[in-house]
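# Structural features, examined
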Amino acid sequence: MSVVHLLLIGLAILALLSIVFEEVIHVNKAKSTLFIGCFSWLILFFTAGSAEHQVDVGHALNENLLEIASLWLFLMSTMTFVAYLNAKGMIQSVVQTIFPQELSVRRLLFLVALFSLVLSAICDNVTATLVSLGLINAFNVPRDIKFKMAALVVFAVNSGGVALITGDVTTLMIFLAGHVSMVELVTLLIPSMLAVAILALLFAIGTSGRVSTTPVEFNFTRVDITITVIFFATILCTMLFNILFKVPPVLTFLTGLSLMFLVGRVSSTDTEQTKILEYIRQIEYDTLLFFLGILLIVGMLQEIHVLQQLAQWYMAIAPEYANYIAGVISALLDNVPLTAALLKANPTLSDQNWLGLTYAVGVGGSLLIIGSAAGIIVMSKVEGLSFGRYLRYLPALLIAYTSGYGLTLFLSGVIFG
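As the structure is a computational prediction, the values presented were derived from the model and not from experiment.

## Focus: the overall build of the protein
Of regular secondary structure, the protein possesses 22 helices and two strands. Its C-alpha atoms put the protein at 65 × 50 × 50 Å along the principal axes. Relative to its full complement of 417 residues, the protein shows a buried share of 53%. The contacts in the protein between residues at least 6 apart in sequence include a share of 80% that link residues at least 24 apart. Split by element, the accessible area of the protein, about 18700 Å² in all, is 67% carbon and sulfur. Of the charged side chains in the protein, 18 are positive and 23 negative, and the gap between their average positions amounts to 11 Å.

## Some remarks on the pattern of salt bridges
Taken as a whole and assessed by the stated rule, the structure comprises two salt bridges. A salt bridge links K88 to D224, with the shortest nitrogen-to-oxygen separation between them at 3.8 Å. On the criterion of sequence distance, the pair formed by K88 in helix α4 (residues 51-88) and D224 in helix α12 (residues 222-245) is long-range, its members being 136 residues apart. On the accessibility criterion, D224 (3% relative accessible area) is buried. With its nearest N and O atoms 3.2 Å apart, the salt bridge here joins R210 to E102. Residue R210 is located in strand β2 (residues 210-212), and its partner E102 is located in strand β1 (residues 102-104); the two are separated by 108 residues in the primary sequence.

## Points about the environment of Y359
If you trace the backbone, Y359 turns up in helix α19 (residues 351-363). The exposure class of Y359 is buried, given its relative accessible area of 0%. A sequence separation of 22 residues divides Y359 from P337, and the C-alpha atoms of the two residues are 16 Å apart. With residues up to four places along the chain from it excluded, the contact list for Y359 reads F155, V162, L188, P191, S192, A195, G364, A400, Y401, G404, Y405 and T408.

## Let's talk about the packing of helix α6 (residues 105-122) against helix α8 (residues 143-160)
Viewed as axis vectors pointing N to C, α6 and α8 meet at an angle of 30 degrees, and their least axial separation amounts to 8 Å. Considering the angle they form, α6 stands roughly parallel to α8. Both α6 and α8 take part in a crossing whose hand is right-handed. Along its contact with α6, which presents V105, L108, L109, V112, A113, S116, L117, S120 and A121, the element α8 presents I145, M149, L152, V153, A156, V157, S159 and G160. Looking at the contact of α6 with α8, its residues break down into 13 nonpolar, four polar and no charged.

## Remarks on the nonpolar core
With 136 residues, the main nonpolar core has F139, M149, F155, M300 and Y359 as its most contacted residues. Of the residues forming this core, the biggest block, 12 residues, is contributed by α4. Ignoring anything within four residues of it in the chain, the contact list for F155 reads A195, V196, L199, Y359, V363, S366, L397, A400 and Y401.

## What about unusual backbone geometry?
The phi torsion at H26 lies on the positive side, around 60 degrees, for a residue other than glycine. For H26, the location among the structural elements is in the loop between α2 (22-25) and α3 (29-46).

## With respect to the environment of P248
With respect to the helices and strands, P248 occurs in the loop between α12 and α13 (249-267). Here P248 falls in the partly exposed class, since its relative accessible area comes to 45%.

How each quantity is defined
Residues numbered from 1 in each chain as written. Predicted model: local features only at pLDDT ≥ 70, side-chain atom pairs only at ≥ 80, totals over all residues. Heavy atoms only, no water. Helix = DSSP H or I, 4+ residues; strand = E, 2+ residues; numbered from the N terminus. Buried < 20%, exposed > 50% of the residue type's maximum accessible area, 1.4 Å probe, protein only. Contact = heavy atoms within 4.5 Å. Areas by Shrake-Rupley, 256 points an atom, 1.4 Å probe, with all protein chains shown as cover. Lys, Arg positive; Asp, Glu negative; His and termini not counted. Charge placed at Lys NZ, Arg CZ, Asp CG, Glu CD. Salt bridge = Lys/Arg side-chain N within 4 Å of Asp/Glu carboxyl O. Axes fitted to C-alpha atoms, helices over the stretch in contact; angles between N-to-C directions. Parallel < 35°, antiparallel > 145°, perpendicular 65-115°, else oblique. Left-handed = near helix turned anticlockwise from the far one by under 90°. Nonpolar A, V, L, I, M, F, W, Y, C, P; charged D, E, K, R; others polar. Core = buried A, V, L, I, M, F, W, Y, C linked by side-chain atoms within 4.5 Å.

Here it is, written out as structure tokens:
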């Protein structure tokens, strides 16, 4: 490994440390990761050597930026919809309709877990996370309990999508590679639900008290209802169009967003239309910048073949243990390029171990708050929930993850072994 590669790996570690010690150094994590991500790619260009290698680095950067742009636009679309629904009281109205106005903290923990799990199974993780956080904010939850619920949302959202090709990108990748079938994937619902229930139970230990939500009368206009219908129709179409016609999710969501603005234009006055456009300005761009920095760093690690090296180490360990470790590693590195590297290594695995890998890389990112899109959004949206605070829940998260992984191997061995 060259000196340049060691330097770049050191920068990646420095970026991780800047996130961990954000409260100590008082530097916003979005700024530190974005700088290190950009600086890492500059080093790749400076040290490329020949013009031919510089062109190769340029192609790699363009591919990385294309993936990031797709994610950015997707996030921008979903966050705009959710900002509108929050401002209009739609989410709180749904909460008031489905949930009791007053209930115990323990009951709310389990309801939040179930809500997040089911929602992430029918829509993307970003939307499920944002809507679930809206649910938590509808109740007067104490700060420490809110942190627990936020961690529960991250784990439940990542668990919910692992059994469906529409719910998680890594699940879709392994399915398209022909290593798992639809029937086999459905069995993952059982360990996913059990693992989430275990985590909710662990978080419920020692909690007491009751929480409530204040009933609010909302007067929804036809435009509000129409835009809400557009939002849920967009979620449904995103899944259907991707399955039937391979349409990228970002294109469907941008179409839904544009339709939202068109409905606002036709149905509103100029003043009201301006207000609708303002919701896109309510997005916290720190979240998007943090994503940009993280993905630039992961892309750099992929370019210097660190992820491929991890795949080689994976091949040297028994698959039952290697898959478990791969899930833990996905809490530090983006699970998509990690899964891609493992698939390129083309290991010879049984159906049982392919399902184990699917569960591990889909749920393992929940162990650290920076390990998944859901975690990054939660860290950006829940004030005070830092890397260090989330780390306090690692033992409980590890127990839930280990339980789910163990049950996955057991069930798949019994049913398909």
